[in-house]
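Chain and residue survey
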Amino acid sequence: MSSLFDVTIIGAGPVGLYTAFYSGLRALKTKVIDAEPDVGGKIRYFYPDKKIHDVGGIAETTGYELVQNFKQQAETFEPEFVLGKRVTSLTKQPDETFLLQTEDGEYHYSKTVIIACGSGTYEVNPLVAKNADLHHAKTHYHLRDLEQFRNKKVVISGGGDAAIDAAFTLQPIAKSVDLIYRGENFKGYEKRATDLLASNIQVHLQHEITSLNEGNELETVTICAKPSGKEEKLSCEALFISHGVEVDFSFTKNWGLQTADWGIQVNPFMQTNIPGVYACGDAASYSRKIRIISAGLHEGAIAVNSAKQYLDPDAANEAMVSTHHEHFTS
Ligand SMILES: Cc1cc2nc3c(=O)[nH]c(=O)nc-3n(C[C@H](O)[C@H](O)[C@H](O)COP(=O)(O)OP(=O)(O)OC[C@H]3O[C@@H](n4cnc5c(N)ncnc54)[C@H](O)[C@@H]3O)c2cc1C
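This structure is a prediction, so every number in the text was calculated from the model and none was measured.

In this model helix H1 (residues 14-25) runs 17 Å from its N-terminal to its C-terminal C-alpha over twelve residues, within 8% of the 16 Å that 1.5 Å per residue would give. Taken as a whole, H1 has its buried residues at Pro 14, Val 15, Gly 16, Leu 17, Tyr 18, Thr 19, Ala 20, Phe 21, Tyr 22, Ser 23, Gly 24 and Leu 25. One or two steps after H1, the chain reaches Ala 27, where phi turns positive at roughly 55°.

Okay, structure coming up:
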(Lines give C-alpha, C1' and ligand atoms only; values in the text may rest on other atoms or scores of the structure.)
Protein backbone atom coordinates (compact mmCIF):
# COMPACT_ATOMS: atom_id res chain seq x y z
CA MET A 1 0.00 0.00 0.00
CA SER A 2 1.36 3.45 -0.92
CA SER A 3 1.87 5.70 2.09
CA LEU A 4 -0.59 8.10 3.66
CA PHE A 5 -0.04 11.77 2.77
CA ASP A 6 -1.19 14.80 4.74
CA VAL A 7 -2.34 16.58 1.58
CA THR A 8 -2.98 15.34 -1.94
CA ILE A 9 -3.38 18.06 -4.56
CA ILE A 10 -5.31 17.09 -7.68
CA GLY A 11 -3.90 19.18 -10.53
CA ALA A 12 -0.40 20.46 -11.28
CA GLY A 13 -1.41 23.65 -13.03
CA PRO A 14 0.03 26.94 -11.76
CA VAL A 15 -2.29 26.93 -8.75
CA GLY A 16 -1.66 23.27 -7.85
CA LEU A 17 2.09 23.91 -8.08
CA TYR A 18 2.04 26.98 -5.85
CA THR A 19 -0.26 25.14 -3.44
CA ALA A 20 2.32 22.34 -3.24
CA PHE A 21 4.99 24.90 -2.37
CA TYR A 22 2.83 26.48 0.32
CA SER A 23 1.95 23.05 1.68
CA GLY A 24 5.69 22.46 2.09
CA LEU A 25 6.01 25.76 3.95
CA ARG A 26 3.50 24.31 6.40
CA ALA A 27 5.51 21.08 6.77
CA LEU A 28 2.77 18.92 5.28
CA LYS A 29 3.65 15.67 3.50
CA THR A 30 2.36 16.46 0.02
CA LYS A 31 1.50 14.57 -3.16
CA VAL A 32 0.47 16.15 -6.47
CA ILE A 33 -1.41 14.13 -9.10
CA ASP A 34 -2.09 15.32 -12.67
CA ALA A 35 -3.72 13.64 -15.66
CA GLU A 36 -1.25 15.27 -18.06
CA PRO A 37 2.27 13.93 -18.60
CA ASP A 38 3.82 17.21 -17.43
CA VAL A 39 3.05 20.08 -15.08
CA GLY A 40 1.71 23.51 -16.06
CA GLY A 41 -2.04 23.00 -16.55
CA LYS A 42 -3.73 25.32 -19.03
CA ILE A 43 -0.54 27.32 -19.56
CA ARG A 44 1.35 24.30 -20.84
CA TYR A 45 -1.65 22.96 -22.72
CA PHE A 46 -2.99 26.06 -24.43
CA TYR A 47 -0.45 28.87 -24.43
CA PRO A 48 3.16 27.97 -23.64
CA ASP A 49 4.47 30.53 -26.15
CA LYS A 50 2.07 33.33 -25.31
CA LYS A 51 3.38 36.41 -23.50
CA ILE A 52 1.79 36.90 -20.08
CA HIS A 53 1.62 40.35 -18.52
CA ASP A 54 -0.84 40.11 -15.64
CA VAL A 55 0.83 37.95 -13.02
CA GLY A 56 1.68 40.15 -10.03
CA GLY A 57 5.31 41.27 -9.92
CA ILE A 58 6.19 39.86 -13.36
CA ALA A 59 5.86 42.53 -16.04
CA GLU A 60 6.31 40.09 -18.93
CA THR A 61 7.03 36.40 -19.26
CA THR A 62 6.14 33.53 -21.56
CA GLY A 63 3.91 30.65 -20.53
CA TYR A 64 6.87 28.29 -20.71
CA GLU A 65 9.08 30.43 -18.45
CA LEU A 66 6.29 30.90 -15.95
CA VAL A 67 5.65 27.15 -15.73
CA GLN A 68 9.38 26.51 -15.20
CA ASN A 69 9.37 28.96 -12.29
CA PHE A 70 6.22 27.48 -10.74
CA LYS A 71 7.77 24.03 -11.09
CA GLN A 72 11.06 25.03 -9.50
CA GLN A 73 9.26 26.66 -6.58
CA ALA A 74 6.94 23.67 -6.15
CA GLU A 75 9.95 21.35 -5.88
CA THR A 76 11.39 23.30 -2.92
CA PHE A 77 9.95 20.93 -0.30
CA GLU A 78 10.11 17.83 -2.52
CA PRO A 79 6.47 16.82 -2.82
CA GLU A 80 5.75 13.55 -4.62
CA PHE A 81 4.57 14.08 -8.22
CA VAL A 82 2.36 11.53 -9.95
CA LEU A 83 1.95 12.61 -13.59
CA GLY A 84 -0.02 11.20 -16.50
CA LYS A 85 -2.68 9.76 -14.16
CA ARG A 86 -6.21 11.07 -14.03
CA VAL A 87 -7.95 10.82 -10.68
CA THR A 88 -11.25 9.04 -11.27
CA SER A 89 -12.59 8.56 -7.77
CA LEU A 90 -12.37 10.20 -4.38
CA THR A 91 -13.99 8.61 -1.33
CA LYS A 92 -13.88 9.18 2.39
CA GLN A 93 -12.95 6.07 4.35
CA PRO A 94 -14.51 5.02 7.68
CA ASP A 95 -11.33 6.30 9.41
CA GLU A 96 -11.94 9.77 7.85
CA THR A 97 -8.93 9.54 5.49
CA PHE A 98 -9.40 9.73 1.73
CA LEU A 99 -8.90 7.10 -0.92
CA LEU A 100 -8.17 8.35 -4.41
CA GLN A 101 -8.07 6.10 -7.43
CA THR A 102 -6.41 6.92 -10.75
CA GLU A 103 -7.68 5.57 -14.07
CA ASP A 104 -4.98 2.88 -14.19
CA GLY A 105 -6.43 1.43 -10.96
CA GLU A 106 -3.71 2.78 -8.62
CA TYR A 107 -4.76 3.83 -5.11
CA HIS A 108 -3.53 6.92 -3.26
CA TYR A 109 -4.16 7.66 0.43
CA SER A 110 -4.46 11.08 1.99
CA LYS A 111 -5.69 12.79 5.16
CA THR A 112 -6.91 15.83 3.20
CA VAL A 113 -7.42 16.67 -0.48
CA ILE A 114 -7.04 19.97 -2.32
CA ILE A 115 -8.68 20.07 -5.72
CA ALA A 116 -6.82 22.36 -8.12
CA CYS A 117 -8.12 20.63 -11.22
CA GLY A 118 -8.90 23.80 -13.22
CA SER A 119 -11.72 23.22 -15.67
CA GLY A 120 -11.16 19.47 -15.60
CA THR A 121 -9.37 17.24 -18.06
CA TYR A 122 -9.07 18.01 -21.77
CA GLU A 123 -9.33 15.97 -24.93
CA VAL A 124 -8.65 17.66 -28.29
CA ASN A 125 -11.23 17.34 -31.06
CA PRO A 126 -9.38 15.44 -33.78
CA LEU A 127 -9.21 16.24 -37.49
CA VAL A 128 -11.81 14.16 -39.29
CA ALA A 129 -10.64 13.77 -42.90
CA LYS A 130 -9.74 10.98 -45.32
CA ASN A 131 -6.23 9.58 -44.67
CA ALA A 132 -5.87 11.61 -41.44
CA ASP A 133 -4.75 8.40 -39.71
CA LEU A 134 -1.73 8.12 -42.08
CA HIS A 135 -0.18 11.39 -40.94
CA HIS A 136 -0.38 11.51 -37.13
CA ALA A 137 3.29 12.41 -36.89
CA LYS A 138 2.84 15.59 -38.94
CA THR A 139 -0.53 16.55 -37.42
CA HIS A 140 -0.08 18.78 -34.39
CA TYR A 141 -2.68 19.84 -31.83
CA HIS A 142 -0.35 21.93 -29.62
CA LEU A 143 2.33 24.49 -30.37
CA ARG A 144 4.83 22.96 -27.97
CA ASP A 145 7.85 22.79 -30.25
CA LEU A 146 7.99 25.49 -32.89
CA GLU A 147 11.03 23.88 -34.55
CA GLN A 148 8.70 21.20 -35.97
CA PHE A 149 7.27 23.92 -38.21
CA ARG A 150 10.47 25.71 -39.23
CA ASN A 151 10.73 26.24 -43.05
CA LYS A 152 7.70 24.00 -43.60
CA LYS A 153 4.55 24.63 -45.60
CA VAL A 154 2.06 24.74 -42.77
CA VAL A 155 -1.71 24.37 -43.02
CA ILE A 156 -3.82 25.39 -40.02
CA SER A 157 -7.43 24.34 -39.57
CA GLY A 158 -9.70 26.30 -37.21
CA GLY A 159 -11.14 29.76 -36.74
CA GLY A 160 -10.93 30.50 -33.02
CA ASP A 161 -8.44 32.55 -31.07
CA ALA A 162 -5.98 29.66 -30.76
CA ALA A 163 -5.96 29.04 -34.54
CA ILE A 164 -5.37 32.73 -35.29
CA ASP A 165 -2.66 32.90 -32.58
CA ALA A 166 -1.00 29.87 -34.16
CA ALA A 167 -1.09 31.47 -37.62
CA PHE A 168 0.66 34.62 -36.37
CA THR A 169 3.16 32.60 -34.31
CA LEU A 170 4.08 30.29 -37.19
CA GLN A 171 4.11 32.82 -40.00
CA PRO A 172 7.64 34.19 -39.26
CA ILE A 173 9.22 30.72 -39.04
CA ALA A 174 7.26 28.62 -41.56
CA LYS A 175 7.84 28.67 -45.33
CA SER A 176 4.15 29.41 -45.82
CA VAL A 177 0.97 29.39 -43.74
CA ASP A 178 -2.53 28.60 -45.02
CA LEU A 179 -5.41 29.07 -42.58
CA ILE A 180 -8.56 27.07 -43.34
CA TYR A 181 -11.79 27.99 -41.60
CA ARG A 182 -15.28 26.73 -42.37
CA GLY A 183 -16.98 29.91 -41.08
CA GLU A 184 -17.86 33.01 -43.11
CA ASN A 185 -15.76 35.33 -40.98
CA PHE A 186 -13.76 35.45 -37.76
CA LYS A 187 -16.59 36.55 -35.47
CA GLY A 188 -15.46 38.77 -32.60
CA TYR A 189 -11.92 39.08 -33.90
CA GLU A 190 -12.30 42.12 -36.21
CA LYS A 191 -8.88 43.68 -35.59
CA ARG A 192 -7.09 40.35 -35.83
CA ALA A 193 -9.04 39.43 -38.96
CA THR A 194 -7.91 42.69 -40.58
CA ASP A 195 -4.32 41.95 -39.53
CA LEU A 196 -4.62 38.44 -40.96
CA LEU A 197 -5.82 39.71 -44.32
CA ALA A 198 -2.95 42.23 -44.41
CA SER A 199 -0.36 39.51 -43.64
CA ASN A 200 1.29 36.82 -45.77
CA ILE A 201 -1.01 34.21 -44.27
CA GLN A 202 -3.31 32.73 -46.92
CA VAL A 203 -6.82 32.71 -45.46
CA HIS A 204 -9.42 30.29 -46.89
CA LEU A 205 -12.82 31.11 -45.37
CA GLN A 206 -15.80 28.78 -45.89
CA HIS A 207 -13.47 25.84 -46.58
CA GLU A 208 -12.67 22.66 -44.75
CA ILE A 209 -10.04 19.96 -45.07
CA THR A 210 -11.58 16.83 -46.57
CA SER A 211 -8.54 14.65 -47.20
CA LEU A 212 -4.79 14.27 -46.85
CA ASN A 213 -2.64 12.59 -49.48
CA GLU A 214 -2.02 8.82 -49.40
CA GLY A 215 1.44 7.44 -48.56
CA ASN A 216 3.80 7.98 -45.65
CA GLU A 217 4.92 11.55 -46.33
CA LEU A 218 2.48 14.40 -45.85
CA GLU A 219 2.58 16.47 -49.04
CA THR A 220 -0.89 17.87 -49.71
CA VAL A 221 -4.26 18.50 -48.17
CA THR A 222 -7.47 18.81 -50.16
CA ILE A 223 -9.81 21.57 -49.07
CA CYS A 224 -13.41 21.87 -50.11
CA ALA A 225 -15.32 25.15 -50.55
CA LYS A 226 -18.77 25.51 -48.98
CA PRO A 227 -21.40 25.43 -50.34
CA SER A 228 -20.06 24.97 -53.90
CA GLY A 229 -18.14 21.76 -53.11
CA LYS A 230 -15.23 22.91 -55.30
CA GLU A 231 -12.02 21.17 -54.28
CA GLU A 232 -8.47 22.52 -54.24
CA LYS A 233 -5.14 20.90 -53.29
CA LEU A 234 -2.66 22.77 -51.08
CA SER A 235 0.97 21.87 -50.47
CA CYS A 236 1.37 20.86 -46.84
CA GLU A 237 4.31 19.54 -44.82
CA ALA A 238 2.88 20.12 -41.33
CA LEU A 239 -0.68 20.48 -40.09
CA PHE A 240 -1.88 22.35 -37.04
CA ILE A 241 -5.43 21.52 -35.96
CA SER A 242 -7.32 23.81 -33.62
CA HIS A 243 -10.85 22.40 -33.48
CA GLY A 244 -11.32 23.02 -29.77
CA VAL A 245 -11.21 20.66 -26.82
CA GLU A 246 -13.73 18.60 -24.90
CA VAL A 247 -13.48 19.45 -21.22
CA ASP A 248 -14.64 16.96 -18.59
CA PHE A 249 -15.49 18.33 -15.15
CA SER A 250 -18.32 15.87 -14.52
CA PHE A 251 -16.22 13.73 -12.18
CA THR A 252 -16.51 16.38 -9.44
CA LYS A 253 -20.25 15.70 -9.16
CA ASN A 254 -19.63 11.96 -8.98
CA TRP A 255 -17.37 12.63 -6.01
CA GLY A 256 -20.30 14.21 -4.14
CA LEU A 257 -19.05 17.78 -4.44
CA GLN A 258 -21.45 20.70 -4.67
CA THR A 259 -20.83 22.64 -7.87
CA ALA A 260 -21.91 26.10 -9.01
CA ASP A 261 -20.98 28.44 -11.89
CA TRP A 262 -18.47 26.14 -13.59
CA GLY A 263 -16.72 25.25 -10.38
CA ILE A 264 -16.78 23.54 -7.01
CA GLN A 265 -18.57 25.64 -4.45
CA VAL A 266 -16.27 26.74 -1.61
CA ASN A 267 -16.62 28.91 1.49
CA PRO A 268 -14.04 31.62 2.42
CA PHE A 269 -11.79 28.84 3.83
CA MET A 270 -11.81 27.20 0.39
CA GLN A 271 -13.63 24.31 2.00
CA THR A 272 -16.03 22.26 -0.10
CA ASN A 273 -19.15 20.54 1.22
CA ILE A 274 -16.96 17.54 2.17
CA PRO A 275 -14.94 18.21 5.35
CA GLY A 276 -11.23 17.73 4.60
CA VAL A 277 -11.65 18.49 0.89
CA TYR A 278 -10.75 21.98 -0.40
CA ALA A 279 -10.70 23.57 -3.86
CA CYS A 280 -8.76 26.48 -5.33
CA GLY A 281 -7.84 28.07 -8.66
CA ASP A 282 -10.10 27.77 -11.68
CA ALA A 283 -11.81 24.76 -10.08
CA ALA A 284 -13.21 26.79 -7.17
CA SER A 285 -16.37 28.84 -7.30
CA TYR A 286 -17.62 31.66 -5.05
CA SER A 287 -19.11 35.09 -5.47
CA ARG A 288 -16.84 37.50 -7.45
CA LYS A 289 -14.51 34.67 -8.45
CA ILE A 290 -11.76 35.71 -10.91
CA ARG A 291 -10.24 32.96 -13.02
CA ILE A 292 -6.69 34.23 -13.45
CA ILE A 293 -3.39 32.85 -12.21
CA SER A 294 -2.72 35.47 -9.51
CA ALA A 295 -6.13 35.03 -7.90
CA GLY A 296 -5.75 31.25 -7.65
CA LEU A 297 -2.45 31.47 -5.77
CA HIS A 298 -4.03 33.17 -2.77
CA GLU A 299 -6.79 30.57 -2.76
CA GLY A 300 -4.18 27.78 -2.74
CA ALA A 301 -2.54 29.24 0.37
CA ILE A 302 -5.92 29.54 2.12
CA ALA A 303 -6.78 25.93 1.20
CA VAL A 304 -3.49 24.69 2.69
CA ASN A 305 -3.98 26.69 5.89
CA SER A 306 -7.46 25.21 6.22
CA ALA A 307 -6.12 21.69 5.67
CA LYS A 308 -3.39 22.31 8.24
CA GLN A 309 -5.93 23.34 10.87
CA TYR A 310 -8.23 20.43 9.95
CA LEU A 311 -5.29 18.14 10.77
CA ASP A 312 -4.11 20.14 13.78
CA PRO A 313 -6.66 22.55 15.25
CA ASP A 314 -3.90 24.23 17.33
CA ALA A 315 -1.78 25.06 14.26
CA ALA A 316 -1.15 28.71 13.38
CA ASN A 317 -3.52 30.33 10.89
CA GLU A 318 -0.86 30.78 8.28
CA ALA A 319 2.73 29.97 7.30
CA MET A 320 5.68 32.20 8.14
CA VAL A 321 6.61 34.42 5.20
CA SER A 322 9.65 33.01 3.45
CA THR A 323 12.07 35.63 4.86
CA HIS A 324 11.32 34.29 8.37
CA HIS A 325 10.87 30.63 7.43
CA GLU A 326 13.53 28.27 8.73
CA HIS A 327 13.93 26.60 5.32
CA PHE A 328 15.24 29.85 3.85
CA THR A 329 17.03 31.28 6.88
CA SER A 330 19.08 28.31 8.08
C1 LIG B 1 -6.00 30.67 -23.83
C2 LIG B 1 -5.91 31.11 -22.38
C3 LIG B 1 -5.13 32.21 -22.07
C4 LIG B 1 -5.03 32.64 -20.74
N5 LIG B 1 -4.26 33.72 -20.44
C6 LIG B 1 -4.08 34.10 -19.14
C7 LIG B 1 -3.24 35.21 -18.80
O8 LIG B 1 -2.65 35.85 -19.67
N9 LIG B 1 -3.12 35.52 -17.48
C10 LIG B 1 -3.76 34.83 -16.48
O11 LIG B 1 -3.59 35.16 -15.30
N12 LIG B 1 -4.57 33.79 -16.79
C13 LIG B 1 -4.75 33.41 -18.07
N14 LIG B 1 -5.58 32.36 -18.38
C15 LIG B 1 -6.26 31.66 -17.26
C16 LIG B 1 -5.26 30.75 -16.52
O17 LIG B 1 -4.64 29.88 -17.44
C18 LIG B 1 -5.96 29.97 -15.43
O19 LIG B 1 -6.57 30.87 -14.52
C20 LIG B 1 -4.97 29.07 -14.68
O21 LIG B 1 -4.34 28.16 -15.54
C22 LIG B 1 -5.69 28.30 -13.58
O23 LIG B 1 -4.77 27.46 -12.97
P24 LIG B 1 -5.23 26.13 -12.21
O25 LIG B 1 -3.96 25.52 -11.71
O26 LIG B 1 -6.33 26.45 -11.28
O27 LIG B 1 -5.90 25.20 -13.33
P28 LIG B 1 -5.33 24.63 -14.70
O29 LIG B 1 -4.25 25.47 -15.24
O30 LIG B 1 -6.53 24.39 -15.52
O31 LIG B 1 -4.69 23.22 -14.29
C32 LIG B 1 -5.50 22.17 -13.83
C33 LIG B 1 -4.74 20.86 -13.92
O34 LIG B 1 -5.54 19.84 -13.30
C35 LIG B 1 -5.42 18.65 -14.05
N36 LIG B 1 -6.61 17.81 -13.81
C37 LIG B 1 -7.90 18.12 -14.07
N38 LIG B 1 -8.71 17.11 -13.69
C39 LIG B 1 -7.90 16.13 -13.19
C40 LIG B 1 -8.13 14.83 -12.67
N41 LIG B 1 -9.37 14.33 -12.55
N42 LIG B 1 -7.05 14.09 -12.28
C43 LIG B 1 -5.80 14.58 -12.38
N44 LIG B 1 -5.52 15.81 -12.89
C45 LIG B 1 -6.57 16.58 -13.27
C46 LIG B 1 -5.34 19.11 -15.50
O47 LIG B 1 -4.71 18.13 -16.30
C48 LIG B 1 -4.51 20.40 -15.36
O49 LIG B 1 -3.12 20.14 -15.54
C50 LIG B 1 -5.72 31.93 -19.69
C51 LIG B 1 -6.49 30.81 -20.02
C52 LIG B 1 -6.58 30.40 -21.34
C53 LIG B 1 -7.42 29.18 -21.68
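With that settled, consider the site of the ligand. If you check the shell around the ligand, you find 31 residues, and the closest are Asp 34, Lys 42, Tyr 47, Asp 54 and Val 87. At 3.1 Å, a side-chain N or O of Tyr 122 approaches an oxygen atom of the ligand. Its free accessible area being 1,000 Å², the ligand has 88% of it covered by the protein chains. Taken together, the elements giving at least two residues each to the shell around the ligand come down to H1, strand S2 (30-34), helix H2 (41-46) and strand S9 (121-124). For the shell around the ligand, the element with the most residues is H1, which contributes three residues. By residue class, the composition of the shell around the ligand is 14 nonpolar, eight polar and nine charged.

Here we come to the domain arrangement of the protein chain. What the domain assignment reports for the protein chain is domain 1 (4-122 + 246-329) and domain 2 (126-243). Once you take the C-alpha centre of each, domain 1 and domain 2 turn out to be 36 Å apart. Across the contact, four residues belong to domain 1 and four residues belong to domain 2. Between domain 1 and domain 2, roughly 400 Å² of surface is buried when both sides are summed, and carbon and sulfur atoms account for 42% of that area. When the buried surface of domain 1 facing domain 2 is broken down by residue, Arg 44, Tyr 45 and Asp 49 rank first, second and third, together holding 79% of it. The tally of links between domain 1 and domain 2 comes to zero salt bridges. Our count for the domain 1 to domain 2 interface comes out at one residue pair in polar contact (both at pLDDT 80 or more).

This brings us to the sheet that holds strand S22 (residues 284-285). Ordered in space as S19-S20-S22, the three strands form an open sheet in which the pairing is mixed. If you trace the sheet from one side to the other, it starts and ends with strand S19 (259-260) and S22, each paired once. Both strand S20 (residues 263-265) and S22 contribute to a ladder of two bridges, which runs parallel. Its bridge partner lying in S22, Ile 264 is registered against Ala 284.

This part takes up the nonpolar core. A general trend in soluble globular proteins is that nonpolar side chains are found buried together. Core analysis: the biggest nonpolar cluster contains 53 residues, and Ile 10, Leu 90, Val 113, Ile 114, Ile 115, Trp 255 and Val 277 have the highest contact counts within it. The element that contributes the greatest number of residues to this core is H1, accounting for seven residues. Those residues in contact with Val 277 that lie beyond four places of it in its chain are Leu 90, Phe 98, Val 113, Ile 115, Leu 257, Met 270, Gln 271 and Thr 272. In this structure, Ile 156, Ile 164, Leu 170 and Ala 238 belong to the second largest nonpolar core, which totals 19 residues.

This part is about the sheet that holds strand S12 (residues 176-181). Across the sheet, which stays open at both edges, the five strands sit in the order S10-S17-S11-S12-S13 with parallel pairing between neighbours. In this open sheet, the two edge strands, each paired with only one partner strand, are strand S10 (139-140) and strand S13 (202-205). With four bridges connecting them, S12 and S13 associate as parallel partners. Bridge assignment links Asp 178 to a residue of S13, and that residue is Gln 202. The sheet strands contacting helix H4 (residues 161-170) are strand S11 (153-157), S12 and strand S17 (238-241), and the helix crosses S11 at an angle near 165°.

What counts, and where the lines are drawn
- Residues numbered from 1 in each chain as written.
- Predicted model: local features only at pLDDT ≥ 70, side-chain atom pairs only at ≥ 80, totals over all residues.
- Heavy atoms only, no water.
- Helix = DSSP H or I, 4+ residues; strand = E, 2+ residues; numbered from the N terminus.
- Expected span 1.5 Å × (residues − 1).
- Buried < 20%, exposed > 50% of the residue type's maximum accessible area, 1.4 Å probe, protein only.
- Near = heavy atom within 4 Å.
- Polar contact = N/O pair within 3.5 Å; in protein donor to acceptor, adjacent residues only side chain to side chain.
- Areas by Shrake-Rupley, 256 points an atom, 1.4 Å probe, with all protein chains shown as cover.
- Nonpolar A, V, L, I, M, F, W, Y, C, P; charged D, E, K, R; others polar.
- Domains from an automatic or database assignment.
- Contact = heavy atoms within 4.5 Å.
- Buried area = accessible area lost by both parts, 1.4 Å probe.
- Salt bridge = Lys/Arg side-chain N within 4 Å of Asp/Glu carboxyl O.
- Pairing = 2+ DSSP bridges.
- Core = buried A, V, L, I, M, F, W, Y, C linked by side-chain atoms within 4.5 Å.
- Axes fitted to C-alpha atoms, helices over the stretch in contact; angles between N-to-C directions.

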